[in-house]
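These are the residues of each chain, in order.
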Amino acid sequence: MEHVPTSDHEAPLTPGQLDAYLARIGVDRPISLDVGSLSRLHRAHLMAFTWEALDAFMGWPSAIPPAAAFAKMVEGRRGGWCYEMNGLFGAALAALGFRVTRLCGGVNRALLGDVAIGNHLTLRVDLDQPYLAEVGLADGIVEPVPLTAGPIRQRGFDFSLLPTADGWLRFHNHANGMAHSFDFRPDHSDEAAISATLGWLTQDPGSPFTNALAIMRHNADGYIALKNDCLRSVTADGASERTITSADDLADTLKTIFKLDIPQSGRVWEKVQAVSRQEAS
């Protein structure tokens, strides 16, 4: 039976939005709806968009519906975090005709318990079998994987998808990943839990995103990550890092490495310095 969207969170992109999205990621409309097409779209999305939680860090407005993510990421040429990255990707896939289900997950539920449920949005795409499509974990997989338990290896990074004792599935990130794992169930959607957690993630002082600048972008063999003033280049073979030293350095890094044009980059640098002073005290 065809899935009918029940909220604006599930609404597919309009034809015009879809054309603009495909142009943004540099991919033609797929001829067939198969895992090969899904993989090309998945990788292209991650190579085109930067994962970033600037809105939460700076206290700027943030919204969950894919239409808001489209305005920000495609029209505004920004990046996004899990709700936006996976939300926009899912809406684009739905507009193309893929069968997509938005799943309510919990990053680091292994450590935090059920309070984590809702702090992550991931996607199930049903083709010849169910696939996990995940463009919102920042430093995770770059292509979809079957929803079956077992090890996963991509670009030399090792991941796994394993059942938990209480009936969830746990995606284990690679050893140096920012998030160690996230839990989900293939049939569990809860938009209310996601919406409720958005407020905590963007406003609470205890949120990991309000007290640290976090930006990541995939490249051919790994990714580049910025946490506060530490810029790391990571591959499966190792990592190198340097320190951002000034507002101009940050603005240039955002523009040239992360492909973000942030007019308020000076304010971002001021807050990064304030965070560093607080951590040092």
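Residues numbered from 1 in each chain as written. Predicted model: local features only at pLDDT ≥ 70, side-chain atom pairs only at ≥ 80, totals over all residues. Heavy atoms only, no water.

**A look at the environment of Val 145**
Then, in step 1: Mapped onto the elements, Val 145 comes out in strand E5 (residues 145–146).
Then, in step 2: Residues Val 145 and Arg 124, 21 residues apart in the sequence, show an inter-C-alpha distance of 9.9 Å.
Then, in step 3: Setting aside its immediate chain neighbours within four residues, Val 145 contacts Tyr 131, Leu 132, Ile 152 and Gln 154. (Helix = DSSP H or I, 4+ residues; strand = E, 2+ residues; numbered from the N terminus. Contact = heavy atoms within 4.5 Å.)

**Remarks on the layout of surface pockets**
Then, in step 1: In this model, the largest pocket occupies a volume close to 790 Å³.
Then, in step 2: Along its surface, the largest pocket is lined by 35 residues, and Asn 108, Met 178, Ala 179, Pro 208 and Phe 209 are the ones closest to its centre.
Then, in step 3: The dominant element in the lining of the largest pocket, judged by the number of residues it contributes, is strand E11 (residues 222–227), at four residues.
Then, in step 4: Counted by class, the lining of the largest pocket contains 24 nonpolar, eight polar and three charged residues. (1 Å grid on protein atoms, 1.4 Å probe; cavity = no way out; pocket = protein on both sides within 12 Å on 5 of 7 lines; lining within 4 Å. Points joined across faces, edges and corners; volume = space filled by probe spheres on them. Nonpolar A, V, L, I, M, F, W, Y, C, P; charged D, E, K, R; others polar.)

**Considerations on the pairing of strand E9 (residues 181–184)**
Then, in step 1: Burial along E9 is two-sided: the residues Ser 181 and Asp 183 and Phe 182 and Phe 184 are all buried.
Then, in step 2: Where strand E2 (residues 99–107) lies against E9, two bridges are found, and the strand directions are antiparallel. The residue of E9 that forms the bridge with Val 107 is Phe 182. (Buried < 20%, exposed > 50% of the residue type's maximum accessible area, 1.4 Å probe, protein only. Pairing = 2+ DSSP bridges.)

**Structural notes on empty space enclosed by the protein**
Then, in step 1: This structure, assessed with the given rule, holds one cavity of 30 Å³ or more.
Then, in step 2: Of the voids in this model, the largest cavity is the one considered here, and its volume is about 30 Å³.
Then, in step 3: In terms of lining, the largest cavity is formed by Leu 46, Phe 49, Trp 51, Met 85, Val 135, Ala 138, Met 216, Arg 217 and His 218.
Then, in step 4: Counting residues per element, the lining of the largest cavity draws most heavily on strand E10 (residues 214–218), at three residues.
Then, in step 5: Per-class residue counts for the lining of the largest cavity are seven nonpolar, one polar and one charged.

**Notes on helix H1 (residues 15–25)**
Then, in step 1: Every buried residue of H1 is accounted for by Gln 17, Leu 18, Tyr 21, Leu 22, Arg 24 and Ile 25. Buried residues of H1 fall within an arc of 155 degrees about the axis and therefore sit on the same side. Looking at H1, the residues exposed on the side facing more than 90 degrees away from the buried face are Pro 15 and Ala 23.
Then, in step 2: Against helix H2 (35–48), helix H4 (66–75) and helix H5 (82–96) lie the buried residues of H1.
Then, in step 3: Remark: Gly 26 follows H1 within two positions and exhibits a positive phi of approximately 75 degrees. (Arc of directions from axis to C-beta.)

**As for unusual backbone geometry**
Then, in step 1: Even without being glycine, Asn 108 reaches a positive phi, approximately 55 degrees.
Then, in step 2: Its location among the elements puts Asn 108 in the loop between E2 and helix H6 (109–112).
Then, in step 3: We note that Asn 228 has phi near 55 degrees; this positive angle belongs to a residue other than glycine.
Then, in step 4: Topologically, Asn 228 is positioned in the loop between E11 and strand E12 (230–235).

**As for helix H7 (residues 191–203)**
Then, in step 1: For H7, with 13 residues, the first-to-last C-alpha span of 19 Å sits near the 18 Å given by 1.5 Å per residue.
Then, in step 2: Of the residues making up H7, those classed as buried are Glu 191, Ala 193, Ile 194, Thr 197, Leu 198, Leu 201 and Thr 202. One side of H7 holds all its buried residues, which, seen down the axis, span an arc of 150 degrees. Those residues of H7 that are exposed and angled more than 90 degrees off the buried face are Ala 192, Ala 196 and Gln 203.
Then, in step 3: Buried positions along H7 lie against helix H3 (54–58), H5, E2 and strand E3 (120–126). (Expected span 1.5 Å × (residues − 1).)

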